[in-house]
Amino acid sequence: MRKIYINIYTGCILALLMALLFSGCSSVPKRPPEVFTVQSMADTLIGQANLEADQANFREALLMLDEAWRLAIMTDRPALRIRVNLARASTMYSLGRIEDAERIWRGAEIEAEFSGEPLLASASRVFRARSLLLAGKADPQETLALAQAELDKLKHDRMLYAVCWTVKGLAEKELGLYADAEKSIMNALSIHTKDNYLEQAGYDWYLIASVRSVSGNYRGALEALNRAVDFDRRAENTFGLGMNWAAIGDVFSKLGNQNAANMSWRRSAEIFRAMDKPAMAREVESRVIPTDSRRR
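Residues numbered from 1 in each chain as written. Predicted model: local features only at pLDDT ≥ 70, side-chain atom pairs only at ≥ 80, totals over all residues. Heavy atoms only, no water.

A. Representation of the overall build of the protein within the structure. For the protein, the helix and strand inventory stands at 15 helices and 0 strands. The buried share of the protein, reckoned over its 296 residues, is 42%. Long-range contacts, defined as pairs at least 24 residues apart, comprise 53% of the intrachain contacts of the protein with a sequence gap of at least 6. In the structure as shown, the protein presents an accessible area of about 16,700 Å², 55% of it carried by carbon and sulfur atoms. (Helix = DSSP H or I, 4+ residues; strand = E, 2+ residues; numbered from the N terminus. Buried < 20%, exposed > 50% of the residue type's maximum accessible area, 1.4 Å probe, protein only. Contact = heavy atoms within 4.5 Å. Areas by Shrake-Rupley, 256 points an atom, 1.4 Å probe, with all protein chains shown as cover.)

Right, dumping it as structure tokens:
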């Protein structure tokens, strides 16, 4: 069987040599030194999947990324394989498939180390740490130490550098280091704002609001959420707007302003319903407490 494969492969090489021989006799343009057709298709799918994931269409995003993974296997380019798997793991995490996500993150890190891609190895560790921390499955002190160790490695890639600052801030929040947490997330915000990454800047303000709310600074949290709404409107980030208005309702409720809380929750539900996210709309609406029923 191996001999058959060798013969087929030899035949292909001979056919290619013949084609090159004949092309040399004509005025055919010089061929490019490298082909990126399949990689470009995979990159397009990654971009489309990111757009779907931004609107919480995670199942659709995963289908695109599974196809991107097939194309990445075909190209056998380590960097592409790793980038696709980082996106696949994040999407699986969003779908609640945390064990699958962790397995893929670890695999991406191992492949990055093996392939001499230290930046992508750092990215794998940072993305995994962020998601496990948000899922309550990571030790905040260990995550903080990891983020501090990775910052210097990622400082030449602005987007990954910003992600690492966010991870540091989230770990500091869990440890009750609220001033440090806000400062770290502000560092990420400065990068996203300067580079006009509007959705990421909106999310940074959302996280800052969360830090302020947990520390009891509700007025500051409302201010941050209003900034988040501004950025998400500019980005037309519908999912982000729905999340922001739900959080604004929560903060107004903590301040004892039930009317404002109800209006905010209903606005959030309207947005989710317009997105065809009825379950999310119902969950937010369940927080509404009619003010007349409180007087009885």
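Here the narrative resumes, following the displayed structure.
B. The arrangement of the nonpolar core in detail. With 41 residues, the main nonpolar core has Trp205, Ile208, Leu225, Ile248, Phe252 and Phe272 as its most contacted residues. Within the residue set of this core, elements represented by two or more residues are helix H8 (158-174), helix H9 (178-194), helix H10 (198-214), helix H11 (218-235), helix H12 (238-254), helix H13 (258-274) and helix H14 (278-285). Take this core: its biggest share by element is 8 residues, from H12. Not counting the four nearest positions on each side in its chain, Ile208 is found in contact with Glu182, Ile185, Met186, Leu189 and Ala224. Listed in part, the 27 residues of the second largest apolar core include Ala123, Val126, Ala129 and Leu154. (Core = buried A, V, L, I, M, F, W, Y, C linked by side-chain atoms within 4.5 Å.)

C. Representation of unusual backbone geometry in the model. With a phi close to 50 degrees, Glu236 is a non-glycine residue in the positive phi region. If you trace the backbone, Glu236 turns up in the loop between H11 and H12. The exposure class of Glu236 is exposed, given its relative accessible area of 65%. With a phi close to 65 degrees, Asp276 is a non-glycine residue in the positive phi region.

D. Up close: the side chain of Glu150. For Glu150, the position within the fold is in helix H7 (residues 140-154). We classify Glu150 as buried; its relative accessible area is 3%.

E. Broad picture of the packing of aromatic side chains. According to the stated counting rule, one finds 4 aromatic pairs in the structure shown. Considering the side-chain rings of Tyr203 and Tyr206, the 6.2 Å spacing of their centres and the 15 degrees angle between planes classify their relative orientation as stacked. Here Tyr203 pairs with Tyr206, and both are found in helix H10, just 3 residues apart, close to one helical turn. (Phe/Tyr/Trp six-rings, centres within 6.5 Å; stacked < 30°, edge-to-face > 60°.)

F. The environment of Ala221, seen in detail. Counting through the fold element by element, Ala221 comes out in helix H11. Residues Ala221 and Val211, spaced 10 residues apart in sequence, show a C-alpha to C-alpha distance of 7.8 Å. Here Ala221 is in contact with Ala209, Arg212, Ser213 and Val251, once residues within four sequence places are set aside.

G. Focus on helix H4 (residues 78-94). In a regular helix each residue adds 1.5 Å, so 17 residues correspond to 24 Å; H4 covers 24 Å between its end C-alpha atoms and thus fits that length. Every buried residue of H4 is listed here: Leu80, Arg81, Ile82, Val84, Asn85, Leu86, Ala87, Arg88, Ala89, Thr91 and Met92. Lining the buried residues of H4 we find helix H2 (37-54), helix H3 (58-75), helix H5 (98-114) and helix H6 (118-134). (Expected span 1.5 Å × (residues − 1).)

H. Quick look at the pattern of salt bridges. What the rule picks out here adds up to 19 salt bridges. Residues Asp100 and Arg97 are paired through a salt bridge, measuring 3.1 Å at the closest nitrogen-oxygen approach. For Asp100, a relative accessible area of 25% gives the class partly exposed. The partner of Asp100 in a salt bridge is Arg103, with the nearest N and O atoms 3.7 Å apart. Of the two residues, Asp100 and Arg103 both sit in helix H5, 3 residues apart, roughly one turn of that helix. The class for Arg103 is exposed, based on a relative accessible area of 52%. (Salt bridge = Lys/Arg side-chain N within 4 Å of Asp/Glu carboxyl O.)

I. Spatial organisation of the packing of H8 against H10. Two elements in contact, H8 and H10, have axes separated by 11 Å at closest approach and are oriented at 15 degrees. By the criterion of interaxial angle, the relationship of H8 to H10 is roughly parallel. Considering the relative orientation of H8 and H10, their crossing is left-handed. Between H8 and H10, the residues in contact are Met159, Thr166, Leu170 and Lys173 and Gln200, Asp204, Leu207, Ser210, Val211 and Val214, respectively. Within the contact of H8 with H10, the residues separate by chemical class into 5 nonpolar, 3 polar and 2 charged. (Axes fitted to C-alpha atoms, helices over the stretch in contact; angles between N-to-C directions. Parallel < 35°, antiparallel > 145°, perpendicular 65-115°, else oblique. Left-handed = near helix turned anticlockwise from the far one by under 90°. Nonpolar A, V, L, I, M, F, W, Y, C, P; charged D, E, K, R; others polar.)

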